[in-house]
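These are the residues of each chain, in order.
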Amino acid sequence: MVVDSREIPAKMEEFLTPWEQRHWGALTVDKRRHDWLAGRWAAKRALQPLLATPSGVPPLSAIAIINAPDGAPQVADHPGISLTISHAGTRAAAATARADCPIGIDIEVIAPRTPAFVGDYFTPDEQQQVHLAPGYVRDTLVNAIWSAKESALKALRVGLRVDTRAVSCRFDPFASLPKTWTPLAVELDAARLGRGLPALSGWWRTMRGYVLTLMLGRECESSQRPLGTPDLSANTPSGLPELCPPK
Ligand SMILES: CC(C)(COP(=O)(O)OP(=O)(O)OC[C@H]1O[C@@H](n2cnc3c(N)ncnc32)[C@H](O)[C@@H]1OP(=O)(O)O)[C@@H](O)C(=O)NCCC(=O)NCCS
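As the structure is a computational prediction, the values presented were derived from the model and not from experiment.

Draft legend 1. How the structure looks around the overall build of the chain. A tally of regular secondary structure across the chain gives seven helices and ten strands. Within the chain, buried positions represent 39% of all 247 residues. Taking all contacts inside the chain whose residues are at least 6 apart in sequence as the whole, residues at least 24 apart take part in 59%.

Next comes the structure, spelled out in structure tokens:
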């Protein structure tokens, strides 16, 4: 689910629980207030159809999202569901899977990054991909690599606490920006991450000035389609809806 923050209802009580309304009200930094709200809006919209019962779908304001101590989002009272959230610019993205399935999503604005950024955070192989990319796709590739790292580190639930070179991503060369989910390869460095790791499958696409990536436990991909995500095993075109037009 990808949303534009300009579509968020003005009345918070329409989609936030009382606790969430108080939490949002206590946030002091404007950007954080904006991002947090957009992430909740995306996540609740993604979750609502999954939580339907024979009597209907629950109101968004009855779906409670909390953060675990490590920062990962969780759906209160629904331990069977994994949730992942990202925000960038005016957009937010969320995806869900079975609880035993590692999942991470990330969205980034396609904007220039410095050579120092690439030198500091990318593996030698990633730096080489950037070096070889034609100039007109370089910003997209740099942001896609960065996004894929963040998605993987979210799926592993470690975030940026670890060296970003512990994740190395490889993109097939592209001449035009993919507008449907496209596979990417991801390798995890067990020595840098310091533990046994699930193999991940990576996917990416662009969407009107943004790049999106999704990482999913490879075993989940082959066993059962994760809840609410695109049918990745069939590599179908995007299961994510197009952005709603801003109101
Ligand atoms: C996870 C992380 C990489 C996200 O990076 P980001 O580009 O700033 O933000 P994004 O919009 O893409 O994603 C933010 C969302 O990631 C999720 N998230 C945070 N920590 C996470 C973790 N350990 N595992 C999985 N998901 C996590 C949250 O849902 C968060 O949104 P929310 O707080 O509004 O619920 C980054 O927040 C991180 O490294 N966190 C762990 C380290 C930490 O806690 N640092 C505190 C600040 S110093």
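Draft legend 2. Region of interest: the site of the ligand. What surrounds the ligand is a group of 20 residues, the closest being Gly71, Ala72, Ser86, Gly159 and Leu160. Class assignment of the residues belonging to the shell around the ligand gives a composition of seven nonpolar, six polar and seven charged. Domain assignment of the residues forming the shell around the ligand places at least three in each of domain 1 (1-82) and domain 2 (100-229).

Draft legend 3. Quick peek at the sheet that holds strand S1 (residues 2-4). Taken in spatial order, the three strands make up an open sheet running S1-S5-S4, and their pairing is antiparallel. Here the strands that pair on one side only, and so sit at the sheet edges, are S1 and strand S4 (81-88). Shown here is a sheet whose adjacent strand axes are inclined to one another by a mean of 20 degrees, direction ignored. Two elements, S1 and strand S5 (residues 91-98), share three bridges in a ladder whose sense is antiparallel. Bridge pairing in S5 links Val3 to Ala92. Its contacts with the sheet place helix H2 (residues 30-47) against S1, S4 and S5, and it is angled at close to 40 degrees to S5.

Draft legend 4. Local environment of the environment of Val2. With respect to the helices, strands and loops of the structure, Val2 is situated in strand S1. Val2 gets classed as buried once you count the C-beta atoms within 10 Å, which come to 24. Sequence separation of Val2 and Leu212 is 210 residues, and the distance between their C-alpha atoms is 9.5 Å.

Draft legend 5. Structural context of the nonpolar core. Formed by 57 residues in total, the largest nonpolar core has its most connected members in Ala42, Ala93, Ala94 and Ala152. Those residues in contact with Ala42, other than ones at most four positions away along the chain, are Met1, Val2, Val3, Ile85, Ala92, Ala93 and Ala94.

Draft legend 6. Geometry of unusual backbone geometry. Phi is positive for Asp77, which is not a glycine, with a value near 70 degrees. Relative to the assigned elements, Asp77 resides in the loop between strand S3 (73-75) and S4.

Draft legend 7. Main features of the pairing of strand S9 (residues 200-207). Most of S9 sits inside the fold, with six of its eight residues counted as buried. Two strands pair when backbone bridges link them, and S9 and strand S10 (residues 210-217) are joined in this way by eight bridges, in the antiparallel orientation. Each bridged residue has a counterpart across the sheet, and for Trp203 the counterpart in S10 is Leu214. In this antiparallel pair of consecutive strands, S9 and S10, the connection spans two residues, and Arg208 shows a positive phi of 45 degrees.

Draft legend 8. Region of interest: the confidence of the model for the chain. Here the chain shows a mean pLDDT of 89. Residues at 70 or above account for 89%. Helix H4 (residues 124-132) holds the highest mean pLDDT among the elements of the chain, 98, whereas helix H7 (residues 218-223) holds the lowest, 72. Contacts of residues 224-247 to residues separated by more than four positions or lying in other chains number 58 contacts, the stretch itself having pLDDT below 50.

Draft legend 9. The arrangement of the packing of H4 against helix H5 (residues 135-155) in detail. H5 packs onto H4 with a crossing angle of 160 degrees between their chain directions and a minimal axis gap of 9 Å. In this view, H4 runs roughly antiparallel relative to H5, as classed from their interaxial angle. For the element pair H4 and H5, the recorded crossing hand is right-handed. In this structure, H4 contributes Glu126, Gln129 and Val130 to the contact, and H5 contributes Arg138, Leu141, Val142 and Ile145.

Draft legend 10. Main features of the sheet that holds strand S7 (residues 167-170). Read across the open sheet, the five strands follow the order S6-S10-S9-S8-S7; overall the sheet is antiparallel. The outermost strands of the open sheet, each flanked by one partner alone, are strand S6 (103-109) and S7. Taken over all neighbouring pairs, the strand axes of this sheet differ in orientation by 25 degrees on average, direction set aside. Across the face of the sheet, H5 comes into contact with S6, S7, strand S8 (182-188), S9 and S10 while running at roughly 150 degrees to S6.

Draft legend 11. Inspection of the environment of Ala72 at higher detail. By the secondary structure assignment, Ala72 is in the loop between strand S2 (65-67) and S3. Between the C-alpha atom of Ala72 and that of Gly104, which follows or precedes it by 32 residues, the distance is 9.7 Å. Beyond its immediate sequence surroundings of up to four residues, Ala72 is in contact with Asn67 and Arg157.

What counts, and where the lines are drawn
- Residues numbered from 1 in each chain as written.
- Predicted model: local features only at pLDDT ≥ 70, side-chain atom pairs only at ≥ 80, totals over all residues.
- Helix = DSSP H or I, 4+ residues; strand = E, 2+ residues; numbered from the N terminus.
- Buried ≥ 20, exposed ≤ 12 C-beta atoms within 10 Å, placed from the backbone.
- Contact = placed C-beta atoms within 7 Å.
- Near = placed C-beta within 6 Å.
- Nonpolar A, V, L, I, M, F, W, Y, C, P; charged D, E, K, R; others polar.
- Domains from an automatic or database assignment.
- Pairing = 2+ DSSP bridges.
- Axes fitted to C-alpha atoms, helices over the stretch in contact; angles between N-to-C directions.
- Core = buried A, V, L, I, M, F, W, Y, C linked by C-beta atoms within 7 Å.
- pLDDT = per-residue confidence, 0-100.
- Parallel < 35°, antiparallel > 145°, perpendicular 65-115°, else oblique.
- Left-handed = near helix turned anticlockwise from the far one by under 90°.

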